[in-house]
Protein chains: 2
Amino acid sequence: MSEFDRDIAVNKNGVDTYAAELAPGWVVGGGVNGGYLLAVVASALRQHLPTKPDPITMSATYASASTPGPAEVRIDVRRDGRSLATAIAELWQGDDLRLTVLATYGDLAALHAAGEPLEHVTAVPPDLPPREQCLAASLAPDRMRRTAPMLERFDMLFHPEQVGWAVGAPTEQGRISAWYRLADGREPDPLSLLQVIDALPPVTFDFGMPGWAPTLELTCHVRHRPAPGWLQVVHATRHLAGGMFEEDCEVWDSAGRLVAQGRQLARLPRVR
Amino acid sequence: MSEFDRDIAVNKNGVDTYAAELAPGWVVGGGVNGGYLLAVVASALRQHLPTKPDPITMSATYASASTPGPAEVRIDVRRDGRSLATAIAELWQGDDLRLTVLATYGDLAALHAAGEPLEHVTAVPPDLPPREQCLAASLAPDRMRRTAPMLERFDMLFHPEQVGWAVGAPTEQGRISAWYRLADGREPDPLSLLQVIDALPPVTFDFGMPGWAPTLELTCHVRHRPAPGWLQVVHATRHLAGGMFEEDCEVWDSAGRLVAQGRQLARLPRVR
């Protein structure tokens, strides 16, 4: 079993509840990565909705920072229709609410087969150089890697022109892109994409603000089951104002398809 | 009292419930406009959270089409913190669930005052010509106006180069923009912005698909209390594929600020 599948596994322990064990390997800074937490919730929802295997949309609000250890996913199905189900799911640790999720589940293959075949994609993949010309997250200083064991979970190769922030020279363009794959070679699927959309550093790094940017809300649309192989991921903001910023994430698969789109609203770090 | 305020008014009728009356004036096609419904829910949340007057983020999934008449908003506050509250709110009509909303409320002015003053906005307003050169929605044929009384609620002036769909010549660019104000002159505020982000025709009109595009999920971020005056609104898609499309909406106020960003995932109409 892959590291990722082991770490998002849940066990049904009630009619609508699932026990999880948040893995220490996904810690980054002072908490557990929000994308990994979303995948844990998604793993419980998948088990709970056996005829609708894929997260289509997930909207999450984060209530408090998670810690490694036991957790529980509580599911409240609001509607279970022919092709789509809507559910509220929460992640709890003891008496502490960690996140609340509004989810739509379905079967991506069936939805695609039932829909109009028209395609019109004007979004373009990030202009990433070949991987051998990119800069690996594993080159980060020991000090940073000690506080971010999550960096061991995947290979992340940054666009060399978008990592000035790592050496004190942010570009102030608000754009960071990278190649991504899970370190043990586990291929991407709709659940792992939920981690991917929150894996890169916040775009505020690129404005010289390396601190923690607390997410207020994060929504992900999963549009295709991804092809095997490396993913290309880009984070960008078009709107940083009023102490908050929007961060858009796009994930492209090895077949050149836009497989997931994420958007979050986060607060700016307090200290530059 | 303005038409909009009258139509979104709610009356507390239980500890966590509010009675609403969905107004026939917001019908469009076979249902009641989803943005108006979101504003009705937001109106109940504002009453329920008196120290946090502004919707900051609203994520909604639509379960079934609403009809004019009585409805109830049921609120479940999940967390009420120092500056932000998170709640789930649902709109019901009898035994029918209409929509489920995951909301974050706060005080925009206080959030702005507490945040970093840094601004970086690369998003640009739609390139709308002066209003006298734009095409009014009121020019729509009687047949269309009869099925869309909503069109009487606001003045909407379309970019003249983005209304080819109205005369059978869609541009296939996936972009529609317009000037907007409420017909009775009621000035915009964070609640009315929730209607604005779902007021324009779906971008699929611009691909020659004038049918109803059912929303799977809609998220809105309200970023500023808008200045008085006309708003500029743009709908665009960058990703129409697999029987679904993403539609991004931006709303700019008369002071030139991006005041709200919406994104929805919707299914393509079945029939072109």
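Residues numbered from 1 in each chain as written. Chains lettered and ligands numbered in written order. Predicted model: local features only at pLDDT ≥ 70, side-chain atom pairs only at ≥ 80, totals over all residues. Heavy atoms only, no water.

1. Some thoughts on the overall build of chain A
Check the secondary structure of chain A and you find five helices and 16 strands. For a compact globule of 272 residues, the expected C-alpha radius of gyration is about 19 Å, and chain A comes in at 18 Å, within 12% of that figure. On the principal axes, the C-alpha backbone points of chain A span a range of 50 × 50 × 40 Å. Across the 272 residues of chain A, 61% fall into the buried class. Sequence-distant contacts in chain A: of pairs separated by 6 or more residues, those separated by 24 or more amount to 70%. In the form shown here, chain A has an accessible surface area of approximately 10300 Å², with 52% of it arising from carbon and sulfur atoms. Of the charged side chains in chain A, 25 are positive and 33 negative; the average position of the first set lies 2 Å away from that of the second. (Helix = DSSP H or I, 4+ residues; strand = E, 2+ residues; numbered from the N terminus. Rg over C-alpha atoms; globule rule 2.2 N^0.38 Å. Buried < 20%, exposed > 50% of the residue type's maximum accessible area, 1.4 Å probe, protein only. Contact = heavy atoms within 4.5 Å. Areas by Shrake-Rupley, 256 points an atom, 1.4 Å probe, with all protein chains shown as cover. Lys, Arg positive; Asp, Glu negative; His and termini not counted. Charge placed at Lys NZ, Arg CZ, Asp CG, Glu CD.)

2. Observations concerning the relation of the copies chain A and chain B
Superposition of chain A onto chain B requires a rotation of 180° combined with a translation of 0.0 Å along the rotation axis, giving an RMSD of 0.0 Å. The transformation relating the two chain copies, once decomposed into turn and shift, fits a two-fold axis. Most of the interface of chain A is mirrored in chain B, where 100% of its interface residues are also at the interface. (Least-squares fit on C-alpha atoms with pLDDT ≥ 70 in both.)

3. A closer look at the interface of chain A and chain B
Accessible area lost when the parts come together is the quantity often used to give the size of an interface. Taken together, the contact between chain A and chain B spans 66 residues of the former and 66 residues of the latter. Summed over the shared surface of chain A and chain B, the result is six salt bridges. Across the salt bridge formed by Asp248(A) and Arg263(B), the nearest N and O atoms sit 3.3 Å from each other. Applying the counting rule to chain A against chain B returns 34 residue pairs in polar contact (both at pLDDT 80 or more). No other element matches strand S16 (residues 258–267) of chain A, which puts seven residues into the side of chain A that touches chain B. Residues that form the side of chain A that touches chain B fall into these classes: 27 nonpolar, 22 polar and 17 charged. Here strand S14 (residues 231–241) of chain A runs beside strand S9 (residues 120–121) of chain B; their pairing, made up of two bridges, is antiparallel. Across the sheet, His239(A) pairs through a bridge with Val121(B), a residue of S9(B). (Salt bridge = Lys/Arg side-chain N within 4 Å of Asp/Glu carboxyl O. Polar contact = N/O pair within 3.5 Å; in protein donor to acceptor, adjacent residues only side chain to side chain. Nonpolar A, V, L, I, M, F, W, Y, C, P; charged D, E, K, R; others polar. Pairing = 2+ DSSP bridges.)

4. Considering the UniProt feature "domain: Acyl-CoA thioesterase-like C-terminal" (unreviewed entry) in chain A
Under the feature "domain: Acyl-CoA thioesterase-like C-terminal" (unreviewed entry), the UniProt entry names residues 141–266 of chain A. Along residues 141–266 of chain A, the helical share is 10% and the strand share 40%, with 26 Å between the first and last C-alpha atoms. (UniProt positions renumbered as here; feature names shortened; annotations may be inferred.)

5. Overview of the pairing of strand S8 (residues 96–106) of chain A
For a regular strand, side-chain orientation follows a simple rule: the groups alternate between the two sheet faces. Residue and element names in this part refer to chain A. Most of S8 is tucked away: ten of the eleven residues are buried. Across eight bridges, strand S5 (residues 54–62) lies against S8 in antiparallel orientation. Its bridge partner lying in S8, Thr 57 is registered against Thr 104. As judged from the nine bridges shared by strand S7 (residues 85–93) and S8, these two strands associate in the antiparallel manner.

6. Overview of the pattern of salt bridges
This model, assessed by the stated rule, comprises 34 salt bridges over all chains. Linking Arg98(A) and Asp96(A) is a salt bridge whose minimum nitrogen-to-oxygen distance equals 4.0 Å. A salt bridge links Asp54(B) to Arg225(B); the nearest nitrogen and oxygen atoms lie 2.8 Å apart. You can see Asp54(B) sitting in strand S5 (residues 54–62) and its partner Arg225(B) sitting in the loop between strand S13 (215–222) and strand S14 (231–241), a full 171 residues away along the chain. Look at Asp54(B) and you get buried, because its relative accessible area is 5%. Among the charged side chains, a salt-bridge network with shared partners connects Glu246(A), Asp248(A), Arg263(A), Glu246(B), Asp248(B) and Arg263(B).

7. A word on the pairing of strand S2 (residues 17–22) of chain A
Residues and elements named next belong to chain A. Judged from the three bridges that link them, strand S1 (residues 10–12) and S2 form a sheet pairing that is antiparallel. In the sheet register, Asn 11 faces S2, and the bridge partner there is Ala 19. Here S1 folds back onto S2, and the loop between the two strands holds four residues. Bridge count for S2 against strand S6 (residues 69–80) is six bridges, and the pairing is antiparallel.

8. Observations regarding the packing of aromatic side chains
On inspection of all chains with the given rule, the structure shows twelve aromatic pairs over all chains. Summarising the aromatic geometry, the rings of Phe4(B) and Trp26(B) are spaced 6.1 Å apart at their centres and angled 75° between planes, so their arrangement reads as edge-to-face. Of this pair, Phe4(B) sits in helix H1 (residues 3–8) while Trp26(B) sits in the loop between strand S2 (17–22) and strand S3 (27–28), placing them 22 residues apart in sequence. Of the two residues, Phe4(B) and Trp26(B), both sit in the buried class. Site record: aromatic cluster; members linked through ring pairs are Phe4(A), Trp26(A), Tyr36(A), Phe154(A) and Tyr180(A). Above the face of the Trp179(A) ring, Arg131(A) is positioned so that its terminal group lies 4.7 Å from the ring centre. (Phe/Tyr/Trp six-rings, centres within 6.5 Å; stacked < 30°, edge-to-face > 60°. Lys NZ or Arg CZ within 6 Å of the ring centre and 35° of its normal.)

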